[in-house]
Amino acid sequence: MPGWASAGLWGLLAGSTLVAGAAVAWLVRVPPRVVAGVMAFGAGVLVAALSFELVDEAERSGGLAPTAGGFLAGALAYVGANLALARRGARHRKRSAGMQPTEAQVQGSGMAIAVGALLDGVPESVVLGLSLRDGGVGAAMLAAVAISNLPEGLSSAAGMKAAGRRPGYVFGVWGAIAAASGVAALAGNLALADASPEVVAAITAVAAGAILAMVADTMIPEAFERAHAYTGLLTTLGFLTSFTIDRF
């Protein structure tokens, strides 16, 4: 199978856990503290993966300057886009406790939430595609994306349900984002197949910066709101799990 096709399938597989999380939220009432705990664990997994599989590898292959520049650019781009979407009703898109606005409360909030969810997922998928340039998917990054997507889909879908959104909207959003994850991974692999180490380092760092900003802006606040004092421990366990996977 061509590398780009393999990258697309891995991206789709990792993105499909968003749909799985949404299905659980729609069919079963999961206690908010459980959602928060899994969210905290997923945040730790992502932080470890971006530290060791993304930023460290980018600096080693492409140098400090493109890595640092890309990392900061990714964070700035994410924060800017997130602020714009927040003003349109997507501020609480990962919240499960009835904080998402209804369409009647904020016109266009449904579209803003969908775009925000896409913004959260694309950087992760791009780096999955990049990781296949060397012949194999990064196990830690794949696990990080898949594990973190599950509570994201679960929490956000629970919030959508509480806001009165219909199942067609909920599963349409997460199904489309899972498909977009596959496309983003495919594009990351195909478009940068012959790119220089410096360019790859910069693009990888952009994705890493965006992921870290997303974790700090959306995942950890949702986790702390319900898990409180256990958030730090669960995040640490997630970090350790990802670090261990990376070392095997």
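Residues numbered from 1 in each chain as written. Predicted model: local features only at pLDDT ≥ 70, side-chain atom pairs only at ≥ 80, totals over all residues. Heavy atoms only, no water.

For the chain, the name recorded in an unreviewed UniProt entry is ZIP family metal transporter, with Actinokineospora soli as its organism.

## Let's talk about the overall build of the chain
Which entries qualify depends on this criterion: Helix and strand definitions follow DSSP, with helices as H or I runs of at least four residues and strands as E runs of at least two, each counted in order from the N terminus. For this analysis, residues touch if any pair of their heavy atoms sits within 4.5 Å.
The helix and strand tally for the chain stands at eight helices and zero strands. Walking the chain from its N terminus toward its C terminus, one meets helices and strands in the order α-α-α-α-α-α-α-α. Restricting to contacts in the chain with at least 6 residues of sequence separation, those with at least 24 account for 85%.

## Focus: the pattern of salt bridges
It is possible for side chains bearing opposite charge to pair when their charged atoms get close. For clarity, the cut-off: Counted as salt bridges are all cases of a side-chain nitrogen of Lys or Arg within 4 Å of a carboxyl oxygen of Asp or Glu.
With the rule as written, the count across this model stands at one salt bridge. Among the ionic pairs, arginine 60 bridges to aspartate 56, the shortest N-O distance being 2.9 Å. Within this pair, arginine 60 and its partner aspartate 56 are both found in helix 2 (residues 32-62), separated by four residues, close to a single helical turn.

## Looking at the packing of aromatic side chains
Remark: the centre distance and the inter-plane angle together describe each pair of aromatic rings, the angle taken between the planes. To keep things clear, this is the line we draw: The aromatic pairing rule takes the rings of Phe, Tyr and Trp, using the six-membered ring of Trp, and pairs them if the centres are within 6.5 Å, calling planes under 30 degrees apart stacked, those over 60 edge-to-face and the rest tilted. Note on classification: 1.4 Å probe, protein chains only; a residue is buried when its accessible area is under 20% of the maximum for its type, exposed when over 50%, partly exposed between these limits. A ring is considered to have a charge above it if a Lys NZ or an Arg CZ atom is located within 6 Å of its centre and within 35 degrees of its normal.
One pass over the full model with this rule turns up three aromatic pairs. Summarising the aromatic geometry, the rings of tryptophan 26 and phenylalanine 171 are spaced 6.1 Å apart at their centres and angled 70° between planes, so their arrangement reads as edge-to-face. Remark: phenylalanine 171 occurs in helix 6 (residues 167-191) and tryptophan 26 occurs in helix 1 (residues 3-27); sequence separation between them is 145 residues. Its relative accessible area of 29% is what places phenylalanine 171 among the partly exposed residues. Measuring from centroid to centroid gives 5.0 Å for phenylalanine 52 and phenylalanine 243, while their planes differ by 55°, and the two rings are tilted. Of this pair, phenylalanine 52 sits in helix 2 while phenylalanine 243 sits in helix 8 (residues 231-247), placing them 191 residues apart in sequence. Taking the relative accessible area as the measure of exposure, phenylalanine 52 reaches 23% and is therefore partly exposed. Grouping aromatic residues by their ring pairs yields a cluster made of Phe52, Phe239 and Phe243. One residue, lysine 161, lies across the ring of tryptophan 26, its end atom 5.2 Å from the ring centre.

## A short note on the packing of helix 1 against helix 6
Formally: Note on geometry: axes are C-alpha line fits, over the in-contact stretch for helices, and angles between N-to-C directions span 0 to 180 degrees. Note that the term roughly parallel is reserved for angles under 35 degrees, roughly antiparallel for angles over 145, roughly perpendicular for angles of 65 to 115, and oblique for everything else. Left-handed describes a crossing whose near helix is turned anticlockwise from the far helix through less than a right angle; right-handed describes the clockwise counterpart. Polarity classes work like this: nonpolar for Ala, Val, Leu, Ile, Met, Phe, Trp, Tyr, Cys and Pro, charged for Asp, Glu, Lys and Arg, and polar for all others, with Gly in that last group.
Interaxial distance between helix 1 and helix 6 falls to 7 Å at its minimum, and their mutual angle equals 160°. Judged by the angle between their axes, helix 1 and helix 6 are roughly antiparallel. In this structure, helix 1 meets helix 6 at a crossing whose hand is right-handed. A per-class count over the contact of helix 1 with helix 6 returns 18 nonpolar, nine polar and no charged.

## A look at helix 6
Put simply, the test is: One less than the number of residues in a helix, times 1.5 Å, gives the span that helix is expected to have.
For helix 6, with 25 residues, the first-to-last C-alpha span of 35 Å sits near the 36 Å given by 1.5 Å per residue. Along helix 6, the residues that are buried comprise Val170, Val173, Trp174, Ile177, Ala178, Ser181, Gly182, Ala184, Ala185, Gly188 and Asn189.

## Description of the nonpolar core
Let me state the cut-off plainly: As used in this record, nonpolar core signifies buried Ala, Val, Leu, Ile, Met, Phe, Trp, Tyr and Cys residues forming a set joined through side-chain atoms within 4.5 Å.
Within the largest apolar cluster, 25 residues are counted, with the highest numbers of intra-cluster contacts made by Leu46, Leu54, Leu128, Met141, Ile211, Val215 and Met219. Every element with two or more residues in this core is listed here: helix 2, helix 4 (109-131), helix 5 (139-162) and helix 7 (197-227). Sorting elements by how many residues they give to this core places helix 7 first, with nine residues. Excluding its chain neighbours within four sequence positions, the residues that come into contact with methionine 141 are Ala49, Glu53, Leu54, Glu124, Val127, Leu128 and Ile211. Counting 12 residues, the second largest nonpolar core, distinct from the first, contains Ala25, Trp26, Met160 and Val173.

## A closer look at the environment of methionine 160
Tracing the chain through its elements places methionine 160 in helix 5. By relative accessible area, methionine 160 is classed as buried at 0%. A sequence separation of 10 residues divides methionine 160 from valine 170, and the C-alpha atoms of the two residues are 6.9 Å apart.

## Topic: the UniProt feature "transmembrane region" (unreviewed entry) in the chain
Formally: UniProt positions are given in the numbering used here, feature names are shortened, and annotations may be inferred rather than shown by experiment.
UniProt marks residues 6-27, 34-52, 64-85, 169-193, 199-220 and 227-245 with the feature "transmembrane region" (unreviewed entry), using the numbering shown here. When the span residues 6-27 is considered, its composition is 100% helix and 0% strand, and the gap between its end C-alpha atoms is 32 Å. Strand forms 0% of residues 64-85 and helix 100%; the C-alpha atoms that close the span are 32 Å apart.

## Some thoughts on the packing of helix 1 against helix 5
Between helix 1 and helix 5, the least distance of the axes is 7 Å, while the angle of their chain directions is 35°. Seen from above, helix 1 lies across helix 5 with right-handed handedness. Contact residues: Trp10, Ala14, Gly15, Thr17, Leu18, Ala20, Gly21, Ala22, Val24, Ala25 and Trp26 in helix 1; Leu142, Val145, Ala146, Asn149, Leu150, Glu152, Gly153, Leu154, Ala157, Ala158 and Lys161 in helix 5. Partitioning the contact of helix 1 with helix 5 into residue classes produces 15 nonpolar, five polar and two charged.

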